[in-house]
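# Structural features, examined
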Amino acid sequence: MPTRKLRKIFVLDTSVLLHDHSAVHHFQDNDVALPITVLEELDTFKKGNDVLQFEARQFIRFLDTLSGGRSLTDWLPLTDAGGKPRKSRIKVVMPDGLTAPGFPDANVVFGTVKNDHQILNCALQVQRENPKDRVVLVSKDINLRIKARALNLPAEDYETGKVENPGSLPPGSDRLEDVPVGPLGTLLAEGIVDAPALLGRKVPQGNHYYVLRQGKLSCLAFYRKETNQLERLEKIGATGIKPRNAEQTFALHALLNPAVRLVTIQGMAGTGKTLLALAGALEQRKEFKQIYLSRPVVALGNKDIGFLPGDAKSKMNPWIEPLWDNLRLIQNQFPENSKEQQRLKELVTHEKLLITPLAYIRGRSLTDIFFIIDEAQNLTPHEVKTIIARAGDNTKIVFTGDIYQIDTPYLDAQSNGLAYLIDRAQHHPLAAHVTLTSGQRSELANLANELL
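Residues numbered from 1 in each chain as written. Predicted model: local features only at pLDDT ≥ 70, side-chain atom pairs only at ≥ 80, totals over all residues. Heavy atoms only, no water.

### A closer look at the nonpolar core
Judged by nonpolar contacts, the single largest core of 42 residues is most densely connected at Leu12, Leu17, Leu34, Ile90 and Leu137. With 6 residues, helix α5 (residues 115-129) is the largest single contributor of residues to this core. Excluding its chain neighbours within four sequence positions, the residues that come into contact with Leu34 are Leu12, Leu17, Phe59, Leu63, Ile90, Lys91, Val92 and Val93. Core analysis: the next-biggest nonpolar cluster, separate from the first, contains 41 residues, Ala238, Ala277, Ala281 and Leu327 among them. (Core = buried A, V, L, I, M, F, W, Y, C linked by side-chain atoms within 4.5 Å. Buried < 20%, exposed > 50% of the residue type's maximum accessible area, 1.4 Å probe, protein only. Helix = DSSP H or I, 4+ residues; strand = E, 2+ residues; numbered from the N terminus. Contact = heavy atoms within 4.5 Å.)

Right, dumping it as structure tokens:
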């Protein structure tokens, strides 16, 4: 008699579905169970314009369509994108209030009755009812996973969209010593050279930047994937902002390069990410209808900016002030009452430069827009995909942030949208990435980054 194949039943926490409403499709041919408490929590998120509310509504609609009037407490087959049934199934778990030896009551163990403990009890119930299957709780909540393991219940993070090793993400540039002197001389003299002549077999798969050295000779260069050539770079400023190092030169080149439509800039605080992005956008203001600046609103609990008093501009003020700081710094590069200062002020007055909440982008088509998303490490991979999917003709999108400085509770260096985008877009001819490593604010700010 053939041995029965061990199936897995994944019990999903609310945090997983708020992170990705399509999560139930990402567990291969295994079954998915949803504690009824999860549906109750999703119900509290269904109203609003924030991404969490969108994810909640999308999943609720999916579940309603899937059930088609059938009972959700019975196993229902999941379908693929074409509506064809798969081997995996889904059901909603109603707590039976029973316990058995080896299956404790989480409310009793942890001393309080709360939603997380109800979810744990439902997972334990599934484990009790399916002794021949491996039952795993999946949650973005680290503390809930720890509690599950304390009850001998296997628990995992939601892995879809995670970067395996954030430390191995491409930096976007390399420093090469002892390169062939002949091709380097050609690059310095003529401004262009075939990449294999300098790089040999180490030709990159996508747009890339180099610091090339041979003795006293040195050169900054850009590898253009379409032509398979290296182009010499000069340190060119933008809107009064001049690059202070090679990496900033690379970042400004990517921002000003019309062939690159998607730019990611990663780096710790004070490396100049936002300032360079804004300066690059302002330098090209005549090439685009508008410049949009935005950053994720990291709200408390289930309170998005709609909870705060005032109009949209007033609600955004606590989050957008750093963007205004960078604009003022650029304005201060020019004399008071100069034509350039007046032009920059007019951009804001006439809404050619617009700071907007990300929640208001959904459903729009971004045509002829230079769009900067700051603090992009606080976005989920799905949010990043949603933003890029809005791009219309003549639109350039720039994501800046630090993948190690996460302000949201259910993201980390592996699962945030910026790291995911850097990893997935690294070889695309429309994309360029630069990692900034040198702090440029002040020696005191550098001390904080290095020692504290």
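### Notes on the packing of helix α9 (residues 246-256) against helix α10 (residues 273-283)
For the pair α9 and α10, the least separation of the axes is 9 Å and the interaxial angle reads 40 degrees. In terms of orientation, α9 lies oblique with respect to α10. The way α9 lies across α10 gives a crossing that is right-handed. Where α9 approaches α10, its residues Gln248, Ala251, Leu252, Leu255 and Leu256 are matched on the opposing element by Leu276, Ala277, Gly280 and Glu283. Here the residues of the contact of α9 with α10 are counted per class, giving 6 nonpolar, 2 polar and 1 charged. (Axes fitted to C-alpha atoms, helices over the stretch in contact; angles between N-to-C directions. Parallel < 35°, antiparallel > 145°, perpendicular 65-115°, else oblique. Left-handed = near helix turned anticlockwise from the far one by under 90°. Nonpolar A, V, L, I, M, F, W, Y, C, P; charged D, E, K, R; others polar.)

### Remarks on the pattern of salt bridges
Enumeration according to the criterion identifies 15 salt bridges in this entry. Linking Asp157 and Arg145 is a salt bridge whose minimum nitrogen-to-oxygen distance equals 3.6 Å. Residue Asp157 is found in the loop between β6 (155-156) and β7 (173-176), and its partner Arg145 is found in helix α6 (residues 142-150); the two are separated by 12 residues along the sequence. Since its relative accessible area comes to 11%, Arg145 is described here as buried. Across the pair Arg285 and Glu340 runs a salt bridge, and its minimum N-O distance is 3.1 Å. Taken together, the residues span a long stretch of sequence, with Arg285 in the loop between α10 and β13 (290-294) and Glu340 in helix α12 (residues 339-349) at a distance of 55 residues. Of the two residues, Arg285 and Glu340, neither departs from the other in class, the shared state being buried. Three or more residues joined by partner-sharing salt bridges are found here, namely Lys140, Arg145, Asp157 and Lys162. (Salt bridge = Lys/Arg side-chain N within 4 Å of Asp/Glu carboxyl O.)

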